[in-house]
Amino acid sequence: MFQTTIQREVGTEGVGLHTGVFGHVRLLPAPADTGIVFRRPDLDNFAIEASGHNVARVSYATSLMKQGVLLSTTEHLLAAIYSSGIDNILIDIDSIEVPILDGSAEPFLELLDQAGIRRLRRRRRYLKVIKPVEVIEQDRRIGIYPASDFSVQCFVDFPHPLVGQQQIEMIVLPETFRHLLARARTFCFERDIEPLRSMGLIRGGSLNNAIVLTDGGVMNGPLRFPDEFGRHKALDLIGDLALLGLPLLGRVEAHKAGHALHTQLVSRLLADSSSWVITTEDRHLEETPVAAEAPAAD
Ligand SMILES: [Zn+2]
């Protein structure tokens, strides 16, 4: 397996969910071993690597911070990039927050489709989990376990007639992400809107970028999936796992988790180097040791 980047520059624009600040996004190809790197063109192209080492405060969205420069709500864009198997990419954003667009990862996936994927000459390196790591907080927990591919199991439980208990379980591949998760949108409860606004959050929120749940139903239906909420939480989880910095060989189980627990797991795993190895061998290569000659460019 070889590393990838995108073929051509593409862009989009929109408001951030929490700040309401309008920004432009450009995705650009990057050479092998760059990883996923955000840049702020409005701040001399200041670079913030999509890495667990740069996780800032995390509550209703995942924010990265490096030397005081903040970039918020990275998870939906990172979920699209990470699930698509794109190893190296530059993400230029001239604002403090990634645009929310329609609240799902689908617009970002469409952008990546426009960009195309290009294979590079360098072998892909995987982070392979060899020892379980868990984070537990009361009835919420998340764990990562050895496995021969990248899979997630995500359980949510909200006391609401349209949500309740939902569980998503899948092997994360470009096709499974596209069909099962990408279209699932952000959601919030109507009763939380004013408290969130008073905390300075969801200033860019609207009925066009989030499902709003009323006490008994949904304000802006129809839903895209009956279990869109569980699917969106799995999407968020994958976006936060992108902060591992390498494609993952491991199984992640999340039980009523959220961004705080996701990013704690990432940090704890990265800090415990006895729990993983870096390998260029994925399962498929082990099964077929003679890899096909790759027509690749660097
Ligand atoms: Zn989300």
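In this report, we go over the structure that sits alongside the text. (Residues numbered from 1 in each chain as written. Predicted model: local features only at pLDDT ≥ 70, side-chain atom pairs only at ≥ 80, totals over all residues. Heavy atoms only, no water.)

1. Concerning the pattern of salt bridges
Moving on, step 1. In total, this model carries 16 salt bridges according to the counting rule given.
Moving on, step 2. Note that Glu-228 and Arg-185 form a salt bridge whose closest N and O atoms lie 2.7 Å from each other. Here Glu-228, found in helix α5 (residues 228–241), pairs with Arg-185, found in the loop between α3 (174–181) and β16 (187–189); they are 43 residues apart in sequence, far enough to count as distant.
Moving on, step 3. We classify Arg-185 as buried; its relative accessible area is 10%.
Moving on, step 4. The salt bridge involving Arg-231 is made with Asp-227; its shortest N-O contact spans 2.6 Å. (Salt bridge = Lys/Arg side-chain N within 4 Å of Asp/Glu carboxyl O. Helix = DSSP H or I, 4+ residues; strand = E, 2+ residues; numbered from the N terminus. Buried < 20%, exposed > 50% of the residue type's maximum accessible area, 1.4 Å probe, protein only.)

2. With respect to unusual backbone geometry
Moving on, step 1. The omega angle of the peptide bond from Gly-221 to Pro-222 is 0°, so this bond is cis rather than trans.
Moving on, step 2. Inspection of the secondary structure puts Pro-222 in the loop between β17 (211–213) and α5.
Moving on, step 3. The residue Leu-101 is not glycine, and still its phi comes out positive at about 55°.
Moving on, step 4. Residue placement: Leu-101 occurs in the loop between β9 (89–93) and α2 (106–115).
Moving on, step 5. The residue Gln-138 is not glycine, and still its phi comes out positive at about 50°.
Moving on, step 6. Looking at the secondary structure, you find Gln-138 in the loop between β12 (133–137) and β13 (140–145).

3. With respect to the nonpolar core
Moving on, step 1. Among the nonpolar cores identified, the biggest contains 63 residues, and Leu-27, Phe-38 and Ile-91 are the most heavily contacted of them.
Moving on, step 2. The dominant element in this core, judged by the number of residues it contributes, is helix α1 (residues 75–83), at six residues.
Moving on, step 3. Excluding residues that lie within four positions of it along the chain, Phe-38 makes contacts with Phe-46, Ala-47, Ile-48, Ala-50, Leu-64, Leu-71, Thr-74, Leu-77, Leu-78, Ile-91, Ile-93 and Val-98.
Moving on, step 4. Among the nonpolar cores identified, the runner-up in size contains eight residues, and Leu-17, Ile-100, Cys-188 and Val-212 belong to it. (Core = buried A, V, L, I, M, F, W, Y, C linked by side-chain atoms within 4.5 Å. Contact = heavy atoms within 4.5 Å.)

4. Here we look at the packing of α1 against α2
Moving on, step 1. Two numbers describe how α1 lies on α2: the axes approach to 8 Å, and their chain directions differ by 45°. The angle between α1 and α2 places the two elements in the oblique class. Considering the relative orientation of α1 and α2, their crossing is right-handed. Of the residues in α2, those touching α1 at His-76, Leu-77, Ala-80 and Ile-81 are Phe-108, Leu-109 and Leu-112. (Axes fitted to C-alpha atoms, helices over the stretch in contact; angles between N-to-C directions. Parallel < 35°, antiparallel > 145°, perpendicular 65-115°, else oblique. Left-handed = near helix turned anticlockwise from the far one by under 90°.)

5. Some remarks on the packing of aromatic side chains
Moving on, step 1. Under the defined criterion, the tally for this structure stands at five aromatic pairs.
Moving on, step 2. Three or more aromatic residues joined by ring pairs form one cluster here, namely Phe-158, Phe-187, Phe-189 and Phe-229.
Moving on, step 3. Here the guanidinium or amino end of Arg-123 rests over the ring plane of Phe-2, the centre of that ring lying 5.7 Å away. (Phe/Tyr/Trp six-rings, centres within 6.5 Å; stacked < 30°, edge-to-face > 60°. Lys NZ or Arg CZ within 6 Å of the ring centre and 35° of its normal.)

6. Considerations on the coordination of the zinc ion
Moving on, step 1. Within the protein, His-76 (NE2), His-232 (NE2), Asp-236 (OD) and Asp-236 (OD) serve as the donor atoms for the zinc ion, at 2.1 to 2.7 Å.
Moving on, step 2. Expressed as a motif, the donor residue spacing for the zinc ion is H-x155-H-x3-D. Separated by four residues within a single helix, His-232 and Asp-236 lie in helix α5, roughly one turn from each other. Comparing His-232 with Asp-236, the two get one shared label, buried. (Donors = N, O, S within 2.8 Å, 3.2 Å for Na, K, Ca; no water.)

7. Considerations on the sheet that holds strand β7 (residues 62–66)
Moving on, step 1. A sheet is described by the order of its strands in space; here three strands give the open sequence β6-β7-β8, paired in antiparallel fashion. Every interior strand has two partners, whereas the edge strands, β6 (55–58) and β8 (69–72), have only one. Pairwise comparison of adjacent strand axes, ignoring direction, gives a mean angle of 30° for this sheet.
Moving on, step 2. Bridging between β6 and β7 involves two bridges; their strand directions are antiparallel. (Pairing = 2+ DSSP bridges.)

8. Structural notes on the environment of Lys-233
Moving on, step 1. Tracing the backbone through its elements, the reader meets Lys-233 in helix α5.
Moving on, step 2. Residues Lys-233 and Gly-164, 69 residues apart in the sequence, show an inter-C-alpha distance of 13 Å.
Moving on, step 3. Setting aside chain neighbours within four positions, we find Lys-233 in contact with Cys-154, Val-156, Phe-158, Phe-187 and His-262.

9. Quick look at the state of the cysteines
Moving on, step 1. Here the structure, examined in full by the defined rule, presents zero disulfides.
Moving on, step 2. Here Cys-154 is not disulfide-linked; the sulfur of Cys-188 is the nearest cysteine sulfur, at 18 Å.
Moving on, step 3. On the accessibility criterion, Cys-188 (15% relative accessible area) is buried. (Disulfide = S-S within 2.5 Å.)

10. Points about the side chain of Asp-102
Moving on, step 1. By the element assignment, Asp-102 lies in the loop between β9 and α2.
Moving on, step 2. In terms of polar contacts, Asp-102 uses its side chain to reach the side chain of Ser-104, at 2.8 Å.
Moving on, step 3. Side-chain polar atoms of Asp-102 contact the side chain of Arg-224, separated by 3.0 Å.
Moving on, step 4. Those residues in contact with Asp-102 that lie beyond four places of it in its chain are Pro-107, Arg-185, Asn-208, Asn-209 and Arg-224. (Polar contact = N/O pair within 3.5 Å; in protein donor to acceptor, adjacent residues only side chain to side chain.)

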